[in-house]
Every structure is written in C-alpha cells, then in structure tokens.
Amino acid sequence: MSRPSDRLRVAMQKSGRLSDPARNLLKQAGFQFRSNDKDQLFCYGDGCAVDLVLVRDDDIPQLIAENVCDLGIVGRNVLQEKALELRGTSHAGLQELMPLAFGGCRLSLAVPNGLDWRGPSDLDGRRIATSYPELLGEYLQARGIDADIVALKGSVEIAIKLGKADAICDLVSSGATLVANGLKETEILLQSEAVLACQNTPFGDGRDALLADFLARIDGVMKVQASKLILCQTGKRELNAVLRLLPDAAAPVISPVWGDDEALNVQALCTSAVTWQRLEAMKSAGARGLMVLPVEKLLA
Ligand code: PRT
Ligand code: ZN
C-alpha cells in the first residue's frame with residue numbers, strides 16, 4: 001500500500017507504559033496534534049507534517065512493515081520479536097533508528113528460587129513459558145539447547161505455579177514480580193527500552209527529508225535531557241584534576257576570576273549523569289561553589 005509522501009505517520013501505544021513518555025517526547029520536540037483525546041485513534045498534526053496513530057504496542061511493528069505507518073515508538077523487545085516473526089515473509093524489514101531512554105526493562109530467564117542453577121544448559125528438555133517465542137527460540141538455538149517453548153499471551157510469571165512450565169522468559173524491570181512469585185532471574189536475553197523504529201530501506205520519496213528533520217528534533221530533545229551545565233571555581237594548580245572528572249564535557253570554558261589571580265571559573269556542558277558522587281569527587285579535587293543547571297534547548 002503506498003503512503004502519501006508529504007506527511008509522516010507515527011504509530012505509538014494508545015495506553016500503557018510507553019504512551020505518556022512517547023507523547024511527552026513528541027511534545028518536547030515541538031510536535032502538536034489536533035486532538036489530545038486518548039480515545040481517538042488518529043491525531044492529525046497541528047502545524048506539522050506528522051500524524052499520530054494510537055494502537056496496541058504489539059501492532060506497531062506490523063503497521064510499519066505493511067506501510068500503514070512510517071515510524072513507530074515501541075519497545076525493542078516487541079520490535080525484535082516481530083522482526084524475527086516477519087523474517088522470510090513478503091513484509092518489509094524493520095530497523096531501530098534511535099533508542100529513546102524510557103521504558104527500560106530486560107527480557108530474562110527465571111527459574112524457581114529453590115532450583116540450583118548452573119547455566120543455560122540446565123534448560124535442556126525443560127518447558128519455558130514466554131510471550132517472546134521468537135527471541136527465546138533464537139537464544140536456545142544459538143546455544144544448542146533443546147527445550148519446549150510454551151507460548152503465552154500474558155500471566156507468564158504464574159506459568160510455573162500452574163504446572164505449565166519449568167522456567168519462564170519474561171520482561172523484568174524492578175524484579176518485584178519475580179520475587180513475589182518465588183522466582184530468580186538467571187540470564188538476560190535482551191536489554192530493552194523504547195526505540196524509534198521504521199522500515200530498513202529509505203522511503204525513496206518526500207518522507208526521507210521529513211524523517212531527517214524529525215530525527216534531528218528528537219535527537220535534540222534527547223541531548224538536552226542528558227545534558228547538564230556545571231559551573232564552579234578552582235585553583236590553577238587543581239584545574240587538571242577537576243577537568244579529569246569532566247571527560248564528557250567537549251570544550252569546557254575556563255576563564256579568570258576577577259581579583260583572584262590563582263582562581264579560575266570552569267563552565268562545562270556534561271552529557272552523562274552528574275551524580276552526587278561525581279560532585280563530591282570534584283570537590284575533593286579542588287572545585288568550589290559547584291552548581292549544576294538543567295539545559296532547556298541546544299542548537300549545535
Ligand atoms: O495494551 P498494550 O498491548 O499496548 O500494552 P501491554 O500491556 O502489552 O504493554 P505495557 O504497557 O505493559 O508495556 C509496554 C512496553 O513497556 C513493553 O513492551 C516494554 O518494552 C516496556 N516495559 C518496561 C515493560 C516493563 N518495563 C515491565 N516491567 N513491560 C512490561 N513489564 C511487566 C513485565 O511483563 C512483568 O509482568 O512488568 C512486570 C515486571 O515488572 P517488575 O518491575 O516487577 O520487574
Ligand atoms: Zn502489548
């Protein structure tokens with residue numbers, strides 16, 4: 001099915017863990033929509049060439065593969081599972097364009113607490129319940145493990161109690177669900193987060209330019225979210241020790257302090273986490289008056 005080439009259609013989760021952060025991301029990137037009513041399934045872009053389609057997260061990869069939508073915001077777990085499922089069919093291939101730093105979780109194997117776990121080969125001849133049969137199948141095959149995959153749509157964590165499986169392969173975030181069900185995490189198959197997905201070939205029409213602009217804006221928002229401005233003073237002799245603690249600051253600005261020949265001002269734009277531990281280490285290295293400021297907009 002061909003798509004109009006003068007607009008981008010973005011699929012995202014209608015309601016669930018990813019829907020609010022996905023909407024916020026688009027809002028921060030300056031995209032607005034005519035209806036913010038969550039019951040509406042199609043939201044027309046207001047003053048922009050981007051429209052929204054609100055669906056279940058599991059449907060997003062297929063909508064992209066079938067050309068119904070151009071882009072999607074979806075968990076890497078769902079994207080990779082569907083990409084494996086669509087392999088060898090006539091559907092277009094899928095790719096991850098950009099990780100989005102929310103919806104973090106991992107796809108893991110878990111077994112009952114009482115089981116003595118020696119390694120993945122313990123699963124030989126066992127039954128494993130999962131909603132991710134493709135990813136699990138690929139993992140088992142790569143290790144030559146012959147186990148039965150019990151595909152379930154939900155409630156995977158109780159499959160062992162129900163006598164349906166000996167182990168499970170499910171998403172884990174805090175780990176509280178596993179603990180509540182007497183299970184322990186043994187192997188991580190996939191680290192996941194929300195990602196921007198699309199087909200793995202260029203559109204070959206006006207949407208390629210729209211996509212480039214869309215990505216530049218999303219990238220700008222991601223960089224701002226990760227960026228912090230650090231201001232402090234330090235002595236000339238301590239400067240190098242302080243700068244060593246700012247390896248992520250591309251070009252720190254160093255300037256004199258009025259009336260104090262031995263002191264310097266340091267201004268650094270940091271692109272990774274500025275933790276209390278890091279600030280304490282900077283103080284021990286000779287930094288004074290440390291101040292951390294959020295960044296609102298960045299234009300490189
Ligand atoms: O209705 P729809 O199909 O759209 O939504 P859904 O119910 O299928 O998805 P939803 O909203 O639950 O999750 C959407 C996406 O969020 C997932 O595909 C993941 O990419 C991501 N995500 C992040 C998670 C979790 N964290 C998560 N903890 N998805 C599910 N869980 C579940 C997990 O399955 C388990 O039951 O939470 C439980 C474990 O959580 P902890 O914190 O106890 O470990
Ligand atoms: Zn779902």
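Look above for the structure.
Source: prediction; values computed, not measured.

Caption draft 1: Fine view of the site of ligand 1. Near ligand 1, the surroundings consist of 21 residues, among which Arg17, Asn77, Ser174, Gly175 and Thr177 are the closest. Within the contact set of ligand 1, an oxygen atom lies 2.8 Å away from a side-chain nitrogen or oxygen of Arg17. Between an oxygen atom of ligand 1 and a side-chain N or O atom of Thr177, the distance comes to 2.5 Å. Compared with its free state, where it exposes 840 Å², ligand 1 has 78% of that area covered by protein. Elements that contribute at least two residues to the shell around ligand 1 include exactly α3 (76–86), β9 (167–172) and α5 (176–180). A per-element tally of the shell around ligand 1 places β9 first, with three residues.

Caption draft 2: Highlighting the coordination of the zinc ion (ligand 2). Asp57 (OD) and Asp58 (OD) make up the full set of protein donors to the zinc ion (ligand 2), lying at 2.0 to 2.1 Å. Viewed at the metal, the four donor atoms of the zinc ion (ligand 2) are separated by angles of 74 to 174°, and the geometry they form is irregular.

Caption draft 3: The arrangement of the side chain of Asp70 in detail. With respect to the secondary-structure elements, Asp70 resides in the loop between α2 (60–65) and β4 (71–75). Within the local environment of Asp70, its side chain forms a polar contact with the backbone nitrogen of Arg9, the two atoms lying 2.8 Å apart. Here the side chain of Asp70 touches Arg207 through a polar contact of 2.7 Å, side chain to side chain. If sequence neighbours within four positions are ignored, Asp70 has contacts with Arg3, Arg7, Leu8, Arg9, Ile64, Ala197, Cys198, Gln199, Phe203 and Arg207.

Caption draft 4: Spatial organisation of the sheet that holds strand β8 (residues 148–151). Here we have five strands laid out as an open sheet, ordered β8-β7-β9-β6-β10, and mixed in their pairing. The outermost strands of the open sheet, each flanked by one partner alone, are β8 and β10 (183–192). Taking the axes of each pair of neighbouring strands and ignoring which way they run, one obtains an average angle of 25° across the sheet. Across four bridges, strand β7 (residues 127–130) lies against β8 in parallel orientation. Opposite Ile128, over in β8, you have Ile149 as the bridge partner. Taken strand by strand, α3 contacts β9 and β10, and its axis lies near 75° from that of β10.

Caption draft 5: View of the pairing of strand β13 (residues 253–257). Bridge count between β13 and strand β14 (residues 260–270): five bridges; the pairing is antiparallel. Looking across to β14, one finds that Val253 is bridged to Gln267. The turn joining β13 and β14, which pair antiparallel and follow one another in sequence, is formed by two residues; a positive phi near 85° is taken by Gly259.

Caption draft 6: How the structure looks around the sheet that holds strand β15 (residues 287–294). One open sheet holds the four strands; their spatial order is β13-β14-β12-β15, and the pairing between them is antiparallel. Edge positions in the sheet fall to β13 and β15, since each of these pairs with one other strand and no more. Neighbour-to-neighbour, the strand axes of the sheet open up by a mean angle of 20°, direction not taken into account. Running over the sheet, helix α8 (residues 276–285) touches β12 (228–235), β14 and β15 and is turned about 150° from β15.

Analysis parameters
Residues numbered from 1 in each chain as written. Chains lettered and ligands numbered in written order. Predicted model: local features only at pLDDT ≥ 70, side-chain atom pairs only at ≥ 80, totals over all residues. Heavy atoms only, no water. Near = heavy atom within 4 Å. Polar contact = N/O pair within 3.5 Å; in protein donor to acceptor, adjacent residues only side chain to side chain. Areas by Shrake-Rupley, 256 points an atom, 1.4 Å probe, with all protein chains shown as cover. Helix = DSSP H or I, 4+ residues; strand = E, 2+ residues; numbered from the N terminus. Donors = N, O, S within 2.8 Å, 3.2 Å for Na, K, Ca; no water. Tetrahedral: all angles 85-135°; square planar, octahedral: opposite > 155°, others 65-115°. Contact = heavy atoms within 4.5 Å. Pairing = 2+ DSSP bridges. Axes fitted to C-alpha atoms, helices over the stretch in contact; angles between N-to-C directions.

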